[in-house]
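What follows is each chain in one-letter form.
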Amino acid sequence: DMFKGMKTGLVPDEDQGTIFVFGFNPPGSSLSRTIELSEEINSIIKKDPNVQNIITLAGYDFTTSAYRSHTVATIIKLKDWKERPNDDQNAMNLLTKFSGQLMGTSEGFSFAVVPPAIMGMSVTGGFDMYIQDRTGGSIEALQKVTNAVIEKAQSRPELFGTRTSLAANIPQYQMEVDLEKAKSK
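A. Spatial organisation of the packing of aromatic side chains. This model, assessed by the stated rule, comprises six aromatic pairs. Between Phe 22 and Phe 111, the ring centres sit 5.6 Å apart and the planes meet at 75°, which makes this aromatic pair edge-to-face. Here Phe 22 is found in strand 1 (residues 18-24), whereas its partner Phe 111 is found in strand 4 (residues 109-113), with 89 residues between them in sequence. Grouping aromatic residues by their ring pairs yields a cluster made of Phe 20, Phe 22, Phe 24, Phe 109 and Phe 111.

The following block contains the structure:
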């Protein structure tokens, strides 16, 4: 029966020969600590014979397109399909395998996704949602509201992997530089 095997999502996942791995250390972690996480991710991934190349972008958050010292984006290029003929060599099955292996990293957490079948449908093929504070409230208040929305979304069985990139606990500094004094030295 054709309908028993139909995908229920908006657009089914496709093996495009690429897998993304997103790694996250605790917010505010140094870039050197994130490079250690990226090296650990790479040492796990490069052992797989289906992997052709690995590109690592330490300090870049693919999910938000922002530079963040505690994040790493890894792009895994798989070998050509003719070199991966078995079902367990399919990108979706390799993604599951890699995600399981990445659970054992010593720092932070990492997860793997396949790129969306249609570019522009978020980084992971789902959807993005933005919460905006129009009251002028604090970042901590925005974090509280955002966490409540995420918690509610996680209770829905049709939604999974819901998370926020907002981290109100990342240290921030405001510096005022006396340009005249700085130029004179």
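B. Representation of helix 3 (residues 139-154) in the model. For helix 3, spanning 16 residues, the distance from its first C-alpha to its last is 22 Å, which sits close to the expected 22 Å at 1.5 Å a residue. Burial in helix 3 covers these residues: Leu 142, Gln 143, Thr 146, Ile 150 and Ala 153. Seen along its axis, helix 3 keeps its buried residues to an arc of 100°; they face one direction. Across helix 3 from its buried face, at more than 90 degrees, point the exposed residues Lys 144, Glu 151 and Lys 152.

C. Structural detail: the pattern of salt bridges. For the coordinates displayed, the defined rule picks out two salt bridges. Note that Asp 48 and Lys 97 form a salt bridge whose closest N and O atoms lie 2.4 Å from each other. With a gap of 49 residues between them, Asp 48 in the loop between helix 1 (31-45) and strand 2 (51-61) and Lys 97 in helix 2 (residues 91-102) connect regions that are remote in the sequence. Looking at Lys 97, the relative accessible area reads 38%, which means it is partly exposed. Linking Asp 61 and Arg 68 is a salt bridge whose minimum nitrogen-to-oxygen distance equals 3.0 Å. A residue is classified by how much of its surface remains accessible, and Arg 68, at 16% relative accessible area, is buried.

The rules behind these values
- Residues numbered from 1 in each chain as written.
- Predicted model: local features only at pLDDT ≥ 70, side-chain atom pairs only at ≥ 80, totals over all residues.
- Heavy atoms only, no water.
- Phe/Tyr/Trp six-rings, centres within 6.5 Å; stacked < 30°, edge-to-face > 60°.
- Helix = DSSP H or I, 4+ residues; strand = E, 2+ residues; numbered from the N terminus.
- Expected span 1.5 Å × (residues − 1).
- Buried < 20%, exposed > 50% of the residue type's maximum accessible area, 1.4 Å probe, protein only.
- Arc of directions from axis to C-beta.
- Salt bridge = Lys/Arg side-chain N within 4 Å of Asp/Glu carboxyl O.

The values are spatial; any link to function lies outside them.
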